[in-house]
Structure formats: structure tokens, C-alpha cells
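Here are the chains, one letter per residue:
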Amino acid sequence: MSDLLGSLNPPQREAVVHGDGPLLVLAGAGSGKTRVLTHRIAHLITDRGVPPWAILAITFTNKAAGEMRSRIIDLVGPAARDLWASTFHSACVRILRREAEAIGLDPRFVIYDADDQLRLMRACMKDEEIDPKRVSPRAVLAQISDAKNRMLDPDGLARVSDGFGDELVVRLYRRYTERLRAANAVDFDDLLVLTVELLEHDASVRERYQQRFRHVLVDEYQDTNQAQYRLVQLLAAPQNNVMAVGDDDQGIYSWRGADVRNILEFERDYPNAAVVALEQNYRSTGTILRAANAVVALNRGRREKTLWTDRGDGERIVVEACRDEHEEARRVVSEIDRALGEGTSLDEIAVFYRTNAQSRSIEDQLVRSRIAYQVIGGPRFYERAEIRDLTAYLRVAANPADLMAFTRMTGAPKRGLGPGCIAKLAAFALEHGMPIGDTPAHAEMVGGLTAAQRGALADTASVIADLAQAAQGALPLGRLVEMAIERSGLKASLMVEGTLEAQGRLDNLDELVNVAAEYDASADEPSLEGFLEEIALQSDADVVEDAAGQATLMTVHNAKGLEFDVVIMTGMEDGVFPHVRSDTPEALEEERRLCYVGMTRARRRLMLTHCETRMLHGGREYRLPSRFLGEIPRDAIARPAGAPSRSARARSQEGRSSAPALAAGDSVVHATFGEGVVTGVEGRGQLVRVRFSNDGTERRLMAGAAPMRKVG
DNA sequence: ATTCAACGCTTTTTT
DNA sequence: AGCGTTGAAT
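Residues numbered from 1 in each chain as written. Chains lettered and ligands numbered in written order. Predicted model: local features only at pLDDT ≥ 70, side-chain atom pairs only at ≥ 80, totals over all residues. Heavy atoms only, no water.

As a further point, take the overall build of chain A. The helix and strand inventory of chain A stands at 27 helices and 22 strands. Looking at the 712 residues of chain A, the share that counts as buried comes to 53%. The long-range share in chain A, meaning contacts at least 24 apart out of those at least 6 apart in sequence, stands at 73%. With an accessible surface of roughly 31700 Å², chain A has 50% of that area assigned to carbon and sulfur atoms. (Helix = DSSP H or I, 4+ residues; strand = E, 2+ residues; numbered from the N terminus. Buried < 20%, exposed > 50% of the residue type's maximum accessible area, 1.4 Å probe, protein only. Contact = heavy atoms within 4.5 Å. Areas by Shrake-Rupley, 256 points an atom, 1.4 Å probe, with all protein chains shown as cover.)

Let us look at the packing of aromatic side chains. A full pass over the atoms with the stated rule returns 9 aromatic pairs. The residue whose ring lies beneath arginine 256 is tyrosine 253, and the NZ or CZ to ring-centre distance is 4.4 Å. (Phe/Tyr/Trp six-rings, centres within 6.5 Å; stacked < 30°, edge-to-face > 60°. Lys NZ or Arg CZ within 6 Å of the ring centre and 35° of its normal.)

Attention now moves to the confidence of the model for chain A. Summing up the model confidence of chain A, the mean pLDDT is 84 and the portion of residues at 70 or higher is 88%. Predicted confidence for residues 641-660 stays below pLDDT 50, and this span has 9 contacts to residues more than four positions away or in other chains. (pLDDT = per-residue confidence, 0-100.)

Moving on, we get to the sheet that holds strand E1 (residues 23-27). The strand order across the open sheet built from 6 strands is E3-E2-E6-E7-E1-E8, with neighbouring strands paired in parallel fashion. Where the open sheet ends on each side, the last strands, each with one partner, are strand E3 (84-87) and strand E8 (274-278). When strand polarity is set aside, the average angle formed by the axes of neighbouring strands in this sheet is 15 degrees. Sheet topology places strand E2 (residues 55-59) next to strand E6 (residues 215-218); 4 bridges connect them, and they run parallel. If you follow isoleucine 58 over to E6, its bridge partner there is valine 218. Contacts from helix H4 (residues 88-99) reach E2, E3 and E6, with the element oriented near 115 degrees to E3. (Pairing = 2+ DSSP bridges. Axes fitted to C-alpha atoms, helices over the stretch in contact; angles between N-to-C directions.)

Another aspect to go through is the pattern of salt bridges. All chains considered together, the criterion is met by 54 salt bridges. Residues lysine 33 and glutamate 220 are paired through a salt bridge, measuring 3.1 Å at the closest nitrogen-oxygen approach. Note that lysine 33 is positioned in helix H2 (residues 33-46) and glutamate 220 in the loop between E6 and helix H11 (226-236), a separation of 187 residues in sequence. Each member of the pair lysine 33 and glutamate 220 is classed as buried. A salt bridge links arginine 354 to glutamate 591; the nearest nitrogen and oxygen atoms lie 2.6 Å apart. Taken together, the positions of arginine 354 in the loop between strand E10 (349-353) and helix H16 (359-368) and glutamate 591 in helix H25 (residues 585-599) put the pair 237 residues apart, joining distant regions of the chain. This pair shows no difference in class: arginine 354 is buried, exactly as glutamate 591 is. Here the salt bridges do not stand alone but share partners, grouping Arg283, Glu315, Glu335, Arg338, Glu342, Glu348, Glu563, Asp565, Arg603, Arg604 and Arg605 into one network. (Salt bridge = Lys/Arg side-chain N within 4 Å of Asp/Glu carboxyl O.)

Turning to unusual backbone geometry, a few remarks are in order. In this chain, alanine 237 is followed by proline 238 through a cis amide linkage whose omega measures -5 degrees. A cis geometry characterises the amide bond from phenylalanine 577 onward to proline 578, with omega recorded as 5 degrees. Phi at methionine 151 is positive, roughly 65 degrees, even though this residue is not glycine. Using a relative accessible area of 25% as the deciding quantity, one classes methionine 151 as partly exposed.

Mapped onto the secondary structure, glutamate 99 falls in helix H4. You can call glutamate 99 buried: its relative accessible area is 9%. In this structure the C-alpha to C-alpha distance between glutamate 99 and phenylalanine 381, which are 282 residues apart in sequence, comes to 31 Å. When neighbours within four sequence positions are excluded, glutamate 99 is seen to be in contact with Leu198, Val205, Arg208 and Tyr209. Among the polar contacts made by the side chain of glutamate 99, one reaches the side chain of arginine 208 at a distance of 3.1 Å. (Polar contact = N/O pair within 3.5 Å; in protein donor to acceptor, adjacent residues only side chain to side chain.)

Now for the packing of helix H1 (residues 10-17) against H2. The N-to-C vectors of H1 and H2 enclose an angle of 40 degrees; their axes lie 8 Å apart at closest approach. On the basis of their axis angle, the class for H1 and H2 is oblique. Two packed elements cross with a definite hand, and for H1 against H2 that hand is right-handed. Note on element contacts: H2 touches H1 through Val36, His39, Arg40 and His43, opposite Gln12, Ala15, Val16 and Val17. (Parallel < 35°, antiparallel > 145°, perpendicular 65-115°, else oblique. Left-handed = near helix turned anticlockwise from the far one by under 90°.)

The following block contains the structure:
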């Protein structure tokens, strides 16, 4: 037996050396689950003689997959390169490209991202003459995605739905599927659904993969949806050497179809499953853990567990009340300065927020203070307009049937080819069974076009032909992208514009040349299709760099799986976090788990900020401190810097401890909401419910922190 | 038929 | 604030 086990604690070791059969690892935050996963795979390879290519390891992001692979190569040597370590989506693409024909799919299919999907849905709604103002295309897409996550096709959805509006969704779902296939495209959900269908319906393909993958390991199992669950089940059968690692307290993707029941009911699905719980935390201080545990413990329907650490209590959590988002940003900067002064490096500092829009005020202040930072998420590189314009050319070159890409391409730069002209070409394409991308070359056969349009189309045809030809040949991808930038006319039109912004766009296009060249150098079998696919499957989390000397800003969702010495969670306000739209008990519990995820990212120091007022949705809104703040044990929280003096604080503490300041029935006056009546007291007297007479609303307030006093 | 400018509306989280 | 739609000008 190798020395893989030396550095592991007993439950970790148990998970690593577990024999055949299903295994569930309940891994609390910071309990070393990545270590367990990598060491188990290394153990399978070196001690049990399992060939690396017979192991499938599924992670949540491409970056995590890459890291896992390189760690395992470090542990067992280069033979481990044959390991399949990837996300669900990449694994499915890989399988589908090989086996597409078995389900009547062209193996050169392209992947439509959120933007393509939205455009396509708008087009479908036009087909069906549905007013996009009455029915939101996004909402329809969300329902379709929901259906796909539940493995329902249009007929299936029709069968299970009862509501009146569902008929509309079914109709659009049909149309959407038709148009996707016509464009030889699939969406994100299709990758999973089609792979499941493939494996379910084709026994020989299924058996081939089942025999190949002798071990299937899945990380973040609590965030799997039904299709992913089925996929794991199909691939792992019949031996069921499946290891699921996860933490029900960290399930934060139910809105994307994830079903926490998958982890809660693992033992029912795999009756002979071994279960190992990892509860020792190696990341955070005792105080941070105690606070995070206290918050998440209020959830029902979770597996009871308590993380512990032997690292000692550490510092208390800092809660800062701010007037508005500008003051909040200044507090963030002073906390960063303070941490830097203590010797913490910038890349060990992270700022979290609930929604991407909140980053703006913080970024402003960081720029002003000359603090280097990177923002994860938000507008992504590959989603920038100019990048999408350019990739549209590449996409049409790779797949002339891609109508969305063709439409985008012909409109950028503007050259007199508008919707009317595209519609004529599309009709012609349909009539002659020709891919839309081939129509410009036959424009002379299309009627009703102006001379200017024919000229523009001739030009377009030659661009498409040249790019397609270059893509077929041995031209390096970097050169191909350069060629597209020139020939598309995007470069010329941006140069003419001449603004600083246009220059920035040109720089982005140049950056894409670099990305392409890099891909060319690193990929096993570089191809235009492969490059476009990599772009499509890229996630925000994949671009998190440990680049020295930068603080990191991101949403709490993006923070999953990461850790930092110092974490600042901003916008801890009711309506922001928890989010307003999380108004059901289940949704609130998910927000609470999200809060737990955020808090447990911190190793040493955790600061939480909230504002009295902030700009939201184009107006200034007043917000109460997040209820989650009230759920943190009081003695885990430090007296905020810049808060009332020691003596003032002492007085208020006395007032609070000697007698509960407020009880149901008391009249109060609040600085913002005016007069009201206390209707109830919660959370050991820390929270009071008050009905305000001004607007008749009932609000939950922090008894100590809210600008409110008793009257009469 | 295309394009540009003004207006009015909505806003989570994302592989 | 940003987007998509609408209306007017070309």
C-alpha cells in the first residue's frame, strides 16, 4: 500500500480505501473533500490497479476538473492523464460527439448559450405570434429548462401540465426544439438530456460506457438535477461503483433544477451504500464555524451535522452598519487596508455580494483607492458583443446551418442586411433544403433584393467561403481568428469609430486571437469546432486566477468551493440577501444555505456589511439588516469599528439585558418607516415584528440595530 | 427596407 | 442602469 493515506484523518481514510459499491461522503465545508476525491482516485489507480481511463470524475467546473487531474498526476504520475475528469456538460459533449448518430444527431452540432437561446425563443414567439411583452421569453425558457431538467419532452410536459398557460409553453417548446435541430444546435440542457436518452435507448452504447467506467465519482452531488442523477445512475450500473460527495447544507442551485433529495435519498437509491461523514473543518476559525452552523441549523429537512475545528476561536465576526452603498464601499476598502497592514496579501481577500449589480459601487471605490481587483462573473469575456459578433463568423464557417449566428454575423458590421433580407434568405434556404450559411452564394436566385444588398451578400459569401476553407485547411486557429477580424469588416468599422471604447473592443478581439493561439497549442486535436465548444462551455469559475496582488469580487454563488483568509460579505439586507424573490419557505432556506456557503469561505476573518439605503432598480430603497445577521450568535460578533462608543454601547446593552426592550403591543417610532406597533418578538428577542401605520406593512427588525425607539 | 434616437420597462443566482 | 421596442428619418 502506498503512502497516500498518511496525511488523512480516520473518516477521510475510510472514504479513500472504501472497496467496491456505492459510497456517500457527506463532506462539510472545508472538511477536505477534494483531498478525499483525489486520494481515492490515486488509490484506485496505484493500489487497486484500476486503469485511469476506467475512472470518470465529475466536478462542477472545468477549472476544478483540471486541478483534480493535475493533482492526481502529481500523486501517481503521468499515466493518470487518461483519467476522465470533467464537468457533466463536457463529459456529455464528449459522449455525444462520438455517438450522436445513434440518436439521429449530426455530430458537428453547436452549443447554444443563454444569449442564443433568448434570440431563438424570440424568433419562436414571432412564429407563433405571441407578444413578448405579454409573455416573457426568459420565463418560457426557464419553464422549458425546468421541463428538460425533469426529463420531459414537449409531449411529456403536455401530459403533466394542467395550467392554462402551459399550453402556450408546450407549443413554444415544440417550436423551439424544431428550430434548434434545424440549426443543428443543442442547448445546455440538451447536452444532459440527449446523453441520458442515448444511454437509455441504445443498449449497446450504454453497455460500452458502463463497461468502460468502472468507477464514477461525483463532486457537489447536492447540486445535481434529475438528468444528471439519471446519467450517474446509467453510467455506474450495474456495478454501482459510485462515489457521491456533497453537502446538503451547500445546495444552492435548486433554481437550476438541482434537487437536494438526490443526496438526502442516496441510501434509498443505493441500499447497500456506505456512508462517511467528514465533520472536521480545516479551514475556518471556531467562531466563524459556530456562526455559520448557527445560521444553517435553522433550516429544516437537512441532515443533522456539526462542523468542528481544533484551530481555536480566532477573531470575532465584524458587522458594519452603513448608511448607503458608498459608505459600504469605503468600509470594504478600509477593511482591505487593515488586512493588508496585517500582512494579508490581496489575493487572500474576497468581497462577496448576492447579485452582480452590487459590484459596481465597490469597484468604483477600489479603483479610486488604487486597489487591484478582479471581478468574477458579470459580463463575461465571451459574452461581449464584439466577441460574439466575431465568433458568429466562425460559427457559420463551422456550421452553415446556424441561423442565430448567421443573423448576428450579417448584422455586424451594419451593411444594409436587415431582418427583411434575412427572412427572404431563410425562406429560400428552407425551400431548397440549403443551410442558411450557403444562401449568400446563391443570392442571384433570391428575389426581391436591392442591388446594394446583392453586393453586400456577394461580399458575405466570399467571407464565409474563405473562412470555411481556411478552417478546413491547416491554418493555425490564431491566424484564422485574425483573418475573421479583417475579412468581417469588424476591424475597419471599429477603427472608423475611433473612440476609446472602440479601441477597447479591438483589444478584446486581439485577445481572442491570443486565446485561439493558446488553444491551438494546448489542445490534443485542435479544431475550429473544438475551440467554439471550449468557449461555449467556459464558466465564470474557470477564470478565477490566483493572480497575485488582486482582491477578488464575486457573487456568493461563484464563491462555492473557494476559500480566502479574509471574506467581506456585502449587502446583508433583507430583500437583497435573502433576495426579495425568495419568498417561499424553501427559497428562504436556500438563501440561508447560500449565506452558509459564503461565511464558510473565510479562514480567519469575516466581515458582514449592510446598508440603511441603497440604489436598487433605478431608485433609492430602504432596507433592513438581513435576518441572517440576527441568526448569528451575539457573542460571535465583535463591536463594529466606528459604532457607538464603549460606554454608549454598554448602556444599551444594560438596557437590553435588564428587561426586554420591546414586547408585542408596544408602540414604536422608526426613523424611516414612522410609527408602528410591535406585533411579535422572535429569535430570543433580537428580532421584532412591527406593523407600520404609514403603509400598513409588517417588517422584521433587529431590536438592537434598527433606528427605532419605544414611545409612550 | 434599414437605421437611429427616444422611451418605457424590468431587474438573482448560471453549467 | 441597460435593454428592447417603437416611431421617425433616410
